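Report on the structure
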Amino acid sequence: MFGRHREPQKGDFMRVLIACEYSGKVREAFRMRGHEAYSCDLLESDDDSPHHYRGDCWEVIGLGWGLIVMHPPCTALCVSGNAHYGAGMKRHGERLQAIDWTLALYAHAKENAPQVAMENPVGVLPIKASQYVQPYQFGHPESKKTGLWLHNLPPLIATDDVAALWRTLPKKEAQRIHMLPPSADRWKIRSETYQGIADAMAHQWG
């Protein structure tokens, strides 16, 4: 089922939940391959899709799925936030709460689906990531090291490695996501899944 070049067969299609997603990128990548995929977030979907639940993902996770892909909030978990959330900092309590909530959500998902993937940047979760991926492994000449915690799923295989091109780019382009100027939607841009990674998830896990 997880071969790199195998096309889906009748009977492979399943119910898929993309938890904590409002962009619809991963959801639509799965739907393009025939899966009954839905997203869920406290925000409305960016694409105004009818296949989006707006509300608490904890409740939606319990509805029964073949695969759950999760993108829990990472602001308090990222190592880049240590100046605000690190030990001894004013918002450290928020980090501890985020760790507990994220671990509980991951456990809840594993209890309600046979296959689960959780995505988060390099951070402070006390459980080791199954693998780390970079957008330049999937056709995007940019850097954003991202961890994947996998339950009954194989590691993602690079589909279009453009690392050689990425190394030749000026820093402003190669590190675009890290160098975004302050703006009202900066957090949304930084949290959105790259299309190449979304496609790889749908192809290899679907």
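Residues numbered from 1 in each chain as written. Predicted model: local features only at pLDDT ≥ 70, side-chain atom pairs only at ≥ 80, totals over all residues. Heavy atoms only, no water.

This next bit is on the overall build of the chain. Along the backbone of the chain there are eight helices and seven strands. Out of the 206 residues in the chain, the part that is buried amounts to 45%. Counted over contacts in the chain with a minimum sequence separation of 6, partners at least 24 positions apart contribute 57%. Surface accessibility of the chain: about 10600 Å² in total, with carbon and sulfur atoms responsible for 55%. (Helix = DSSP H or I, 4+ residues; strand = E, 2+ residues; numbered from the N terminus. Buried < 20%, exposed > 50% of the residue type's maximum accessible area, 1.4 Å probe, protein only. Contact = heavy atoms within 4.5 Å. Areas by Shrake-Rupley, 256 points an atom, 1.4 Å probe, with all protein chains shown as cover.)

Here we take up unusual backbone geometry. Across the chain, the bulk of peptide bonds are trans and the bulk of non-glycine residues have phi less than zero. Although it is not a glycine, Cys 20 sits at a positive phi angle of roughly 65 degrees. Relative to the elements of secondary structure, Cys 20 occurs in the loop between strand E1 (15-19) and helix H1 (25-32). One non-glycine residue, Asn 152, adopts positive backbone phi at about 60 degrees. For Asn 152, the position within the fold is in the loop between strand E7 (146-151) and helix H5 (163-168).

A word on the nonpolar core. Counting residues in hydrophobic clusters, the biggest one holds 25 residues, and the most contacted among them are Leu 17, Trp 65, Ile 68, Met 70 and Val 116. Elements with a contribution of two residues or more to this core: E1, strand E2 (36-41), helix H2 (57-61), strand E4 (67-70), helix H4 (92-112) and strand E5 (115-121). It is H4 that provides the largest number of residues to this core, a total of five residues. Aside from chain neighbours lying at most four places away, what touches Trp 65 is Arg 15, Val 16, Leu 17, Tyr 38, Tyr 53, Val 60, Asn 112, Ala 113 and Pro 114. (Core = buried A, V, L, I, M, F, W, Y, C linked by side-chain atoms within 4.5 Å.)

Moving on, we come to the sheet that holds E5. Taken in spatial order, the seven strands of this open sheet run E3-E2-E1-E4-E5-E7-E6, and their pairing is mixed. The sheet is open, and its two edges are formed by strand E3 (52-54) and strand E6 (131-133), each paired on a single side. Neighbour-to-neighbour, the strand axes of this sheet turn through a mean angle of 20 degrees, independent of strand direction. Across three bridges, E2 lies against E3 in parallel orientation. Paired with Asp 41 across the bridge in E3 is Arg 54. Here H1 sits on the sheet in contact with E1, E2, E3 and E4, set at roughly 170 degrees to E2. (Pairing = 2+ DSSP bridges. Axes fitted to C-alpha atoms, helices over the stretch in contact; angles between N-to-C directions.)

Under the counting rule described, the total for this entry stands at four aromatic pairs. Taken together, the aromatic side chains of Tyr 38, Tyr 53 and Trp 65 make up a single cluster linked through ring pairs. We note Arg 31 situated over the ring of Tyr 38; from NZ or CZ to the ring centre the distance is 5.7 Å. (Phe/Tyr/Trp six-rings, centres within 6.5 Å; stacked < 30°, edge-to-face > 60°. Lys NZ or Arg CZ within 6 Å of the ring centre and 35° of its normal.)

For the coordinates displayed, the defined rule picks out six salt bridges. The closest approach of N and O atoms between Arg 15 and Glu 36, which form a salt bridge, is 3.2 Å. Pair noted here: Arg 15 is in strand E1 and Glu 36 is in strand E2, with a separation of 21 residues, a long-range link. A relative accessible area of 35% means that Glu 36 is categorised as partly exposed. Among the ionic pairs, Lys 25 bridges to Glu 192, the shortest N-O distance being 3.0 Å. Of this pair, Lys 25 sits in helix H1 while Glu 192 sits in the loop between helix H7 (186-191) and helix H8 (195-205); the two residues are 167 residues apart in sequence, bridging distant segments of the chain. Residue class for Glu 192 comes out partly exposed when judged on its relative accessible area of 29%. Three or more residues joined by partner-sharing salt bridges are found here, namely Arg 27, Glu 28 and Asp 47. (Salt bridge = Lys/Arg side-chain N within 4 Å of Asp/Glu carboxyl O.)

Any functional reading would require information beyond the geometric quantities listed.
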